[in-house]
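Structural characterization, general
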Amino acid sequence: MRHDLEKTLLEKITTLPLLKEHIITWKSGGKKVVFTNGVFDLLHLGHITYLSKAAELGDKLVIGLNADASVKRLKGENRPVNDQNNRAALLAALFFVDAVVLFEEDTPRELITQLMPDVLVKGADYTVENIAGAKEVLANGGEVKTITLVEGYSSTNIINKIKAQSGTAR
């Protein structure tokens with residue numbers, strides 16, 4: 001069983017060229033491809049709820065995961081807490097996630113343009129106008145959706161709570 005889990009995780013964590021092939025196969029089989037992206041540093045209830053709702057919008061859920069260098073630029077030198085391999089494995093372990101692909105850029109616009117999902121999803125803290133790749137997906141006949149986030153959950157909040165409890169909050 002353990003070997004099967006490792007094999008499944010390795011199959012879900014993929015490269016852009018392989019993912020493009022999967023998407024062509026999925027779409028030719030009539031599957032609707034949903035794409036979302038993020039850092040997903042400390043996986044929590046907010047992430048799980050958001051991702052499960054995103055998965056319900058189609059047949060295949062693809063996650064673009066910010067690589068470590070990208071996270072450092074966006075969140076600061078002390079982030080990510082979990083490296084990209086750990087974050088990718090945790091996401092791939094979710095039964096409703098079909099593929100995880102890393103990207104180095106600060107936004108997934110180029111990745112989205114190459115994958116051209118049927119549905120692009122972000123949290124409701126974004127508007128369609130400021131979602132990277134939204135213009136391209138819409139121009140290709142796709143949809144852009146936002147999902148209401150679970151209040152009070154974020155990796156930053158969890159990190160700050162741990163710091164406060166350990167007496168190292170600044």
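Residues numbered from 1 in each chain as written. Predicted model: local features only at pLDDT ≥ 70, side-chain atom pairs only at ≥ 80, totals over all residues. Heavy atoms only, no water.

**Focus on the overall build of the protein**
Scanning the protein from N- to C-terminus turns up 8 helices and 6 strands. Written out in order from the N terminus, the α and β elements of the protein read α-β-α-β-α-β-α-α-β-α-β-α-β-α. Scaling as 2.2 N^0.38, a compact globule of 170 residues should have a C-alpha radius of gyration of about 15 Å, and the protein matches this with 16 Å. Principal-axis analysis of the C-alpha atoms gives the protein an extent of 55 × 45 × 25 Å. Per-residue burial over the protein gives 39% buried out of 170 residues. If you take every contact in the protein between residues at least 6 apart in sequence, the share linking residues at least 24 apart comes to 73%. Carbon and sulfur atoms make up 53% of the accessible area of the protein, which totals about 9,500 Å². Computed over 21 positive and 21 negative side-chain charges, the separation of the two mean positions in the protein equals 3 Å. (Helix = DSSP H or I, 4+ residues; strand = E, 2+ residues; numbered from the N terminus. Rg over C-alpha atoms; globule rule 2.2 N^0.38 Å. Buried < 20%, exposed > 50% of the residue type's maximum accessible area, 1.4 Å probe, protein only. Contact = heavy atoms within 4.5 Å. Areas by Shrake-Rupley, 256 points an atom, 1.4 Å probe, with all protein chains shown as cover. Lys, Arg positive; Asp, Glu negative; His and termini not counted. Charge placed at Lys NZ, Arg CZ, Asp CG, Glu CD.)

**Focus: helix α3 (residues 45–55)**
Inspection of α3 places G46, H47, Y50, L51, A54 and A55 among the buried residues, and these make up the whole buried set. Projected down its long axis, α3 carries its buried residues within an arc of 160 degrees, all on one side. (Arc of directions from axis to C-beta.)

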